[in-house]
Amino acid sequence: MIKRIKMLLPAVLAVLLLAGCNVQSAAATTARYRVTVVAKSRESEFWKAVLSGAEAAATEYNMQLTVLAPDNEENYDAQNQLIEKAVEDGAQAIVFSAIDYEANAEAIDAAAAAGVTIVGIDSAVHSDQVAAYIGSDNYGAGRLAARSALEGTEGKLCVGLINYEVNGANGRDREQGARDTFADSGRAEVVTSMQTHPNAASAHSDALRMLQQHPEINVLVAFNEATAVGAVQAVQEMERVDDLWLVAFDSNVQTIDALQSGAVDALIVQNTYSMGYFGVESAYKLLTGRYGQFHTIRTEGGLAGFPCREESPYDLFTCGHSSTSISSALGVSEANFLQGKDGYVVAVIGDGALTGGLAYEGLNNAGRMHRNLIVILNDNTMSISKNVGSMARYLSY
């Protein structure tokens, strides 16, 4: 086997409107819509980026956001209890990622029956009550992983697969996509596969055992962030970096470093920030009565991907880009000044959005105009992915 190139491969993100679901438009008198994100975790880099996107959309659309997650990514019973809690606490929409495709379905159906709008992200659930789904094409991502090995190597491939969830749709579909592509190639054989717990320590020990028991493996595929980190550690420990093609999923500091060092040969990445952002944005669009047009979102002549006053009376102002809160707040403050009104206008901006040129234009104008404006920085160290560079380091101190 000969390694040729290193690959960073994006998985396709899909936004789907699902028919036959229960969508409740909120009353026009509601001041702020209440949305709850029920995630799989709050700890991994993957979920931190998802939740960062959710927070950005909630801020942009003036929604009251609650984030709930179980103590680990296998506890679907805890997820079901969190769904019930969200309903009891008055959530008008739930943005949900299922740990178990089947076992989470009943709780989601019950929430929808209680009048809650359901938006799925990342991992699907077996329910026809989901109004919209935002997530990667997982079968296609699995095929992409297999193709990277087939195109980056020569000769017969002996493949090991490390998966992370028995009953979740994501891992199942990714593995099936990889298996089908390897089988179609005529020169690859899946010699073994395993299910491990979704944490790096378990993945490390299981991958190490796999490589020890099957030294003929020359291609290893790890299907999510935790299994990828564990697989990298095992490959390095076995000193197989130079003669084994490792395909990893999801980007964090460890997997990016491994790609640069050569321990990872292909990295399948997802737009995790957008999953969270589009999930909350979709909930807002659905709650404000745009279900019939939702399939047109972000298409020419369709629903806007940002607030738009011409589209709905619920949207307070129109924008077409991120990083606009300071300029928008300055405009409101100037209007107050011209009308002789007192009081301050507050702009809330994330540390990721602060890097946009529009934010700096707003700050420059605010410094020149001296209006009653307060800017609050939401420094959560995340934007589309974990922040890097001198500005991020400066803000962290």
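What comes next concerns the included structure. Predicted model only: the values in this text are computed from it and were never measured. (Residues numbered from 1 in each chain as written. Predicted model: local features only at pLDDT ≥ 70, side-chain atom pairs only at ≥ 80, totals over all residues. Heavy atoms only, no water.)

### Here we look at the overall build of the chain
At step 1: Along the chain, the regular secondary structure elements total 12 helices and 14 strands.
At step 2: For the chain, buried positions account for 51% of its 397 residues.
At step 3: Long-range pairs, those at least 24 residues apart, make up 73% of the contacts in the chain with a sequence separation of at least 6.
At step 4: Carbon and sulfur atoms make up 51% of the accessible area of the chain, which totals about 17600 Å². (Helix = DSSP H or I, 4+ residues; strand = E, 2+ residues; numbered from the N terminus. Buried < 20%, exposed > 50% of the residue type's maximum accessible area, 1.4 Å probe, protein only. Contact = heavy atoms within 4.5 Å. Areas by Shrake-Rupley, 256 points an atom, 1.4 Å probe, with all protein chains shown as cover.)

### Here's the deal with the packing of helix H6 (residues 200–213) against helix H7 (residues 225–237)
Any two packed helices are characterised by the angle at which their axes cross and by the distance between the axes.
At step 1: Where H6 meets H7, the closest approach of the two axes is 7 Å, and the angle between their N-to-C directions is 45°. Comparing the axis directions of H6 and H7 gives the class oblique. Here H6 runs over H7; the crossing is right-handed. Each of Ala200, Ala203, His204, Ala207, Leu208 and Leu211 in H6 lies in contact with H7, whose residues at this interface are Ala226, Thr227, Val229, Gly230, Ala231, Gln233, Ala234, Val235 and Glu237.
At step 2: Tallied by class, the residues present in the contact of H6 with H7 amount to 10 nonpolar, four polar and one charged. (Axes fitted to C-alpha atoms, helices over the stretch in contact; angles between N-to-C directions. Parallel < 35°, antiparallel > 145°, perpendicular 65-115°, else oblique. Left-handed = near helix turned anticlockwise from the far one by under 90°. Nonpolar A, V, L, I, M, F, W, Y, C, P; charged D, E, K, R; others polar.)

### Section: the pairing of strand E14 (residues 373–378)
At step 1: Across six bridges, strand E13 (residues 345–350) lies against E14 in parallel orientation. Across the sheet, the residue bridging to Val346 is Ile374, located in E14.
At step 2: In this region the chain leaves E13, passes through helix H11 (residues 357–369) and returns to the parallel neighbour E14; the handedness of that crossover is right-handed. (Pairing = 2+ DSSP bridges. Right-handed = clockwise from strand over helix to strand, strands pointing away.)

### Overview of a nonpolar patch on the surface
At step 1: On the surface, a cluster of nonpolar side chains totalling about 450 Å² of accessible area is made up of Tyr344, Val346, Val348, Ile374 and Ile376.
At step 2: Mapped onto the elements of the fold, Ile374 is located in strand E14.
At step 3: We classify Ile374 as partly exposed; its relative accessible area is 38%. (Patch = residues over 30% accessible without salt bridge, like charges linked within 9 Å, V, L, I, M, F, W, Y side chains within 5 Å. Salt bridge = Lys/Arg side-chain N within 4 Å of Asp/Glu carboxyl O.)

### A look at a negative patch on the surface
At step 1: On the surface, Glu84, Glu88, Glu106, Asp109 and Asp128 cluster together into a negatively charged patch.
At step 2: Listing elements by their share of the negative patch, those giving two or more residues are helix H2 (76–88) and helix H3 (105–113).
At step 3: By the element assignment, Glu106 lies in helix H3.
At step 4: Residue Glu106 is classed as exposed on the basis of its relative accessible area of 67%. (Lys, Arg positive; Asp, Glu negative; His and termini not counted. Charge placed at Lys NZ, Arg CZ, Asp CG, Glu CD.)

### Considerations on the nonpolar core
At step 1: Core analysis: the biggest nonpolar cluster contains 33 residues, and Val35, Val37, Met63, Val95, Val119 and Val280 have the highest contact counts within it.
At step 2: If you list the elements that add at least two residues to this core, you get strand E3 (34–38), helix H1 (45–60), strand E5 (93–96), strand E6 (117–121), strand E7 (130–136) and helix H9 (272–287).
At step 3: If we skip the residues at most four places from it in the chain, Val95 touches Val35, Thr36, Val37, Val38, Val119, Ile121, Gly279, Val280 and Ala283.
At step 4: The next biggest cluster of nonpolar side chains, apart from the first, holds 23 residues, and it includes Ala207, Ala222, Ala258 and Val269. (Core = buried A, V, L, I, M, F, W, Y, C linked by side-chain atoms within 4.5 Å.)

### Description of the packing of helix H10 (residues 325–338) against H11
At step 1: Contact pair H10 / H11: the axes reach a minimum separation of 8 Å and the direction vectors enclose 30°. Between H10 and H11, the interaxial angle falls into the category roughly parallel. In this structure, H10 uses Ile326, Ser327, Leu330 and Glu334 to contact H11, whose residues at the interface are Leu358, Ala359, Gly362, Leu363, Asn365, Ala366 and Met369.

### Describing the side chain of Gln92
At step 1: When you line up the elements, Gln92 lands in the loop between H2 and E5.
At step 2: On the basis of relative accessibility, which here comes to 13%, the residue Gln92 falls in the buried class.
At step 3: Only 2.7 Å separates the side chain of Gln92 from the backbone nitrogen of Arg34, close enough to count as a polar contact. (Polar contact = N/O pair within 3.5 Å; in protein donor to acceptor, adjacent residues only side chain to side chain.)

### Some details on the packing of aromatic side chains
At step 1: In this structure the tally under the stated criterion is five aromatic pairs.
At step 2: Ring geometry for Phe46 against Trp47: centres 5.3 Å apart, planes inclined by 70°, an arrangement best described as edge-to-face.
At step 3: Among the residues examined, Phe46 registers a relative accessible area of 7% and is labelled buried.
At step 4: Relative accessible area serves as the criterion here: at 2%, Trp47 is assigned to the buried category.
At step 5: Here Tyr61 and Tyr284 contribute two aromatic rings whose centre-to-centre distance is 4.5 Å and whose plane-to-plane angle is 35°, an arrangement assigned as tilted. (Phe/Tyr/Trp six-rings, centres within 6.5 Å; stacked < 30°, edge-to-face > 60°.)

### Thoughts on the environment of Asp137
At step 1: Locating Asp137 in the fold gives a position in the loop between E7 and helix H4 (138–152).
At step 2: By relative accessible area, which is 40% here, Asp137 ends up partly exposed.
At step 3: Sequence spacing of Asp137 and Asp173 is 36 residues, and the spatial spacing of their C-alpha atoms is 8.7 Å.
At step 4: Polar side-chain contacts of Asp137 include one of 3.0 Å to the backbone nitrogen of Gly140.

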